Amino acid sequence: MSETALSQPQRNIVSRLWNDKETRSVIIQIIAFAAIFALFFYMIRNAVINLEAIGKDIDFAFLTQPASYDIGQTLIEYTSRSSHFTAMIVGIINTLLIAVFGIFLSTILGFTLGVLRLSKNWLTNKLAYVYIEYTRNVPVLLHILLIHGLIVHALPLPKNALNVGDAAFLTNRGFFLPSPQFEFLFWLVLGLFIIGIIFSLWFRSYAKKIQDSTGKYYPVFWISLGAIVGIPLIAYFILGSPIQWQIPELKGFNYKGGMVVRPEFIALWIALSCYTAAFIGEIVRAGITAVSWGQTEASSAFGINRSRTLSLVVIPQALRIIIPPLTSQYLNITKNSSLAIAIGYMDIVATIGGISLNQTGREMECMTIVLLLYLSFSLLISAFMNWYNKRIKLTER
Amino acid sequence: MSNSTKIGTEQMNTDQDNIVIRINEMHKWYGQFHVLKNINLNVKRGEKIVICGPSGSGKSTMIRCINRLEEHQQGQIVVDGTELSNDLKNIEVVRKEVGMVFQHFNLFPHLTVLENCTLAPIWVRKTPRLEAEEMAMQYLERVKIPDQANKFPGQLSGGQQQRVAIARSLCMKPRIMLFDEPTSALDPEMIKEVLDVMIELASEGITMLCVTHEMGFAKTVADRVIFMDGGEIIEENSPQHFFDNPQHDRTRLFLSQILNH
Ligand SMILES: Nc1ncnc2c1ncn2[C@@H]1O[C@H](COP(=O)(O)OP(=O)(O)O)[C@@H](O)[C@H]1O
Ligand SMILES: [Mg+2]
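Small disclaimer: the values here were computed from a predicted structure and weren't measured.

Novice: Run through the sheet that holds strand β3 (residues 174-177) of chain A, naming residues and quoting values.
Specialist: Residues and elements named next belong to chain A. Within the open sheet, the four strands sit side by side as β1-β2-β3-β8. Their pairing is antiparallel. The open sheet has two edge strands, β1 (162-164) and β8 (259-261), and neither has a second partner. If you compare each strand with its neighbour and ignore which way they point, the axes differ by 20° on average.

Novice: Help me get a handle on helix α5 (residues 129-142) of chain B, residues and values and all.
Specialist: Residue and element names in this part refer to chain B. With 14 residues, α5 extends 20 Å between its outermost C-alpha atoms, agreeing within 8% with the 20 Å of an ideal straight helix rising 1.5 Å per residue. Residues Ala132, Met135, Ala136, Tyr139 and Leu140 constitute the buried set of α5. Seen end-on, α5 carries its buried residues on one side only, within an arc spanning 140°. The exposed set on the far side of α5, more than 90 degrees from its buried face, consists of Leu130, Glu134 and Glu141. Positive phi shows up at Lys144, right after α5, with a value of about 70°.

Novice: Describe the site of ligand 1, with residues and values.
Specialist: Residues and elements named next belong to chain B. Around ligand 1, the neighbouring residues are Tyr30, Phe33, Val35, Pro54, Ser55, Gly56, Ser57, Gly58, Lys59, Ser60 and Thr61. In the environment of ligand 1, a nitrogen atom lies 3.4 Å from a nitrogen or oxygen atom belonging to the side chain of Tyr30. In this structure, Lys59 approaches ligand 1 through a side-chain N or O atom, which is 2.8 Å from an oxygen atom. Protein burial of ligand 1: of its 560 Å² of free accessible surface, 58% is covered by the chains. The element that contributes the greatest number of residues to the shell around ligand 1 is helix α2 (residues 59-66), accounting for three residues. For the shell around ligand 1, the per-class residue count stands at four nonpolar, six polar and one charged.

Novice: Go over the sheet that holds strand β5 (residues 82-83) of chain B, please, and point to the residues and values.
Specialist: All names here are of chain B. Judged by pairing direction, the sheet is antiparallel, and its four strands sit side by side in the order β2-β1-β4-β5 without closing on themselves. Each edge of the open sheet carries a strand with a single partner, namely β2 (33-44) and β5. Where strand β1 (residues 19-30) and β2 come together, eight bridges link them in antiparallel fashion. Along β2, the bridge assignment pairs Lys28 with Leu36.

Novice: So what's going on with the pattern of salt bridges? Residues and values would help.
Specialist: Applying the stated criterion across every chain yields a total of 24 salt bridges over all chains. Of the charged contacts, one joins Arg117 of chain A and Glu282 of chain A as a salt bridge, the two residues approaching to 3.8 Å between their closest N and O atoms. Within this pair, whereas Arg117 of chain A is found in helix α4 (residues 84-117), its partner Glu282 of chain A is found in helix α9 (residues 263-290), the two being separated by 165 residues in sequence. For Arg117 of chain A, a relative accessible area of 15% corresponds to the buried category. One salt bridge in this structure joins Arg64 of chain B and Glu70 of chain B, with 3.1 Å as the shortest N-O distance. Through salt bridges with shared partners, one network takes in Arg45, Asp80, Glu97 and Arg175 of chain B.

Novice: Kindly report on the packing of α4 of chain A against helix α11 (residues 306-336) of chain A, identifying the contributing residues and their values.
Specialist: All names here are of chain A. Relative to each other, α4 and α11 sit at 135°, their axes nearing to 10 Å. For the element pair α4 / α11, the angle class is oblique. Crossing of α4 over α11 shows right-handed handedness. Counted together, Ala99, Gly102, Ile103, Ser106, Thr107 and Phe111 of α4 and Ile322, Leu326, Tyr330, Ile333 and Thr334 of α11 form the full contact between these two elements. Each residue belonging to the contact of α4 with α11 can be placed in one class, and the counts come to seven nonpolar, four polar and no charged.

Novice: Requested: an account of the state of the cysteines, with residues and values cited.
Specialist: All names here are of chain B. Applying the stated criterion across every chain, the model contains zero disulfides over all chains. Residue Cys171 stays outside any disulfide, its sulfur separated by 4.5 Å from that of Cys117, the closest cysteine. Classification of Cys171 by relative accessible area gives buried; the value is 1%. Between Cys210, a cysteine without a disulfide, and Cys52, which holds the nearest cysteine sulfur, the sulfur-to-sulfur distance is 10 Å.

Novice: Quick rundown of the packing of aromatic side chains? Include the residues and the values.
Specialist: Taken as a whole, this structure holds 22 aromatic pairs over all chains when the rule is applied. Between Phe176 of chain A and Tyr255 of chain A the ring centres are 5.2 Å apart and the planes differ by 35°, which places this aromatic pair in the tilted class. Here Phe176 of chain A, found in strand β3, pairs with Tyr255 of chain A, found in strand β7 (residues 254-256); they are 79 residues apart in sequence, far enough to count as distant. One aromatic cluster in this structure is built from Phe199, Trp202, Phe203, Tyr206 and Tyr218 of chain A. Seen from the ring of Tyr217 of chain A, Arg308 of chain A lies directly overhead, with NZ or CZ sitting 4.5 Å from the centre. Sitting above the plane of the Phe243 of chain B ring, Lys219 of chain B keeps its charged end 5.0 Å from the centroid.

Novice: Help me get a handle on the interface of chain A and chain B, residues and values and all.
Specialist: Contacts between chain A and chain B engage 26 residues on the former and 29 residues on the latter. For the pair chain A and chain B, the summed buried surface comes to about 2,500 Å²; carbon and sulfur atoms form 60% of the total. Remark: the boundary between chain A and chain B carries two salt bridges. Here chain A and chain B share eight residue pairs in polar contact (both at pLDDT 80 or more) between them. Secondary-structure elements contributing two or more residues to the side of chain A that touches chain B are α7 (184-214), α10 (293-301) and α11 of chain A. Residues that form the side of chain A that touches chain B fall into these classes: eight nonpolar, eleven polar and seven charged.

Novice: Describe the confidence of the model for chain B, with residues and values.
Specialist: On average, residues of chain B carry a pLDDT of 90, and 93% of them reach 70 or more. Every residue in residues 1-16 of chain B scores below 50 in pLDDT, and together they form six contacts with partners more than four places removed in sequence or on other chains.

Novice: Tell me about the confidence of the model for chain A, residues and numbers included.
Specialist: Keep in mind that low pLDDT regions are not for reading the predicted coordinates in detail. Put simply, chain A has an average pLDDT of 88, and 96% of its residues get 70 or more. Averaged over each element, pLDDT in chain A is lowest for helix α1 (residues 2-7) of chain A (50) and highest for α10 of chain A (95).

Quick notes on the rules
- Residues numbered from 1 in each chain as written.
- Chains lettered and ligands numbered in written order.
- Predicted model: local features only at pLDDT ≥ 70, side-chain atom pairs only at ≥ 80, totals over all residues.
- Heavy atoms only, no water.
- Pairing = 2+ DSSP bridges.
- Helix = DSSP H or I, 4+ residues; strand = E, 2+ residues; numbered from the N terminus.
- Axes fitted to C-alpha atoms, helices over the stretch in contact; angles between N-to-C directions.
- Expected span 1.5 Å × (residues − 1).
- Buried < 20%, exposed > 50% of the residue type's maximum accessible area, 1.4 Å probe, protein only.
- Arc of directions from axis to C-beta.
- Near = heavy atom within 4 Å.
- Polar contact = N/O pair within 3.5 Å; in protein donor to acceptor, adjacent residues only side chain to side chain.
- Areas by Shrake-Rupley, 256 points an atom, 1.4 Å probe, with all protein chains shown as cover.
- Nonpolar A, V, L, I, M, F, W, Y, C, P; charged D, E, K, R; others polar.
- Salt bridge = Lys/Arg side-chain N within 4 Å of Asp/Glu carboxyl O.
- Parallel < 35°, antiparallel > 145°, perpendicular 65-115°, else oblique.
- Left-handed = near helix turned anticlockwise from the far one by under 90°.
- Contact = heavy atoms within 4.5 Å.
- Disulfide = S-S within 2.5 Å.
- Phe/Tyr/Trp six-rings, centres within 6.5 Å; stacked < 30°, edge-to-face > 60°.
- Lys NZ or Arg CZ within 6 Å of the ring centre and 35° of its normal.
- Buried area = accessible area lost by both parts, 1.4 Å probe.
- pLDDT = per-residue confidence, 0-100.

Next up, the structure:
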């Protein structure tokens, strides 16, 4: 490159800048940025002019007006006299509820599926395979409608509810579950539980210190499990089960008392989780198989046992392959939760982006809010996963 | 470590039982494929054995049976008095005593060179970390790369990686070392640095089984050369006799092929 520069000293400055690797990249970025900015400016100006032409402005004041519609599932206080803003908050909570529960369940299901797909047992392997292929090849909307349909049509009315041990009642109006009433002694159990968690955290580093200095190691997992689950459980029974379960009772046409999980939530949660789990299963399987067999051989040739080989050698390497596509699945499940509207689950799209929009006619404002909300959820998930990915990467390079 | 006591016990054992690996009428199949046929091999303590033969003749499979990375279906393999069977405890006992170096190194890419070396001592031998690290540094010095201890395997050349792999195995203080074509994946200029380390190791009394086609190495260190073909041991002899006066046509053909290369 320097040779051409020497042989052509008279080359003009534009050509020289353009042919320099770094300046060229800067120039391209400036042009791209200007183009995007111009496009946005044009679109926003266009929207404002068009809105003006039909006599509309952009105004978020409607958020304080009463929403005057009902929402089935509300975790905060809400009536039809609450504002659109409160309706939006209810929608946000419902979306986040589905996202968090969905990510939790799909991760557990997905990792289980991935491991089953790798199992040498023919039956479990093929079952997992069939499940994955069926689930991920049917549109998620269909799964949602199907499961919702099953709950609403196949489950009985409250008066002949499916009785699970005289405590839970499954009906087409939702699942009625006993709700806990905590007595004073329960807080003691909770205290033990928290102490268990703190103890486990401390014990982990203590065990590592002991191992570093003496070579002896403790079964950290089992001891932690005992401290977090075992001891509080024993205390719970010794203290005479200090939780009263309020059992739902049939009063008139419906159950009263206890708590109710609505059919829309269950349908959406199960459908999204099962669907996403199929993809996560494949991601996990691919991640584990991508770690070469030679790694397992080298580790076992030292006499390191199977479970340690997995936890010390295979999983750390598989995770860095799994995390990026897993992040996309978490984003997908969050965004796919907007299909809630199909079965009337009141999430962001159904509240602020649906009924509020229709009642107030504020399309621009409502859609902007919905868009910004999804964007910020997604960015938050990405940021967390990137942080996690970096953390596990740092330990290796 | 206490080298002198180790040699002492070794000599005691030598009097009682000189054979450290005993392979008796051993057969192995991959499905229908009869890959090892009636293998009989006794290895004396401290003996250096080079195994050669055409590709696919079962060399790797045979040495991998010695630490049970592969299982045999018939016959007997006894390593240092422990018979290999489905007994997991026995397998663990044998694997602690038998180090292995692979053709493709198989270092753990997510761990530093030092961590590669300390992993097994810490988790299998329950060595305190500091002690394991000191020992690892000693062995890294012996393979002449102590300055790379905190790098990751991906940052090293092939020759350096294979030397790390050797150090990593030595950290378990094995009595027996298995090498499966340790230089076959290396560029020519790196082969020597690895062979030098192996020659030095050979002079220290460890039992060595080495699959290799480096005939110079075989002549220098081997007590015995074994030639395999078609899953059988065709010929075994001292290097001198083996190279100067091969007994079988197949051996001669093989030697002419690799020596004319
Ligand atoms: N896991 C396996 N399954 C089936 N056949 C195998 C397997 N591993 C090796 N073989 C076959 O066994 C024979 C011996 O292989 P190997 O011991 O690797 O030979 P070498 O190391 O002498 O080149 C080859 O024909 C090879 O194809
Ligand atoms: Mg081989």
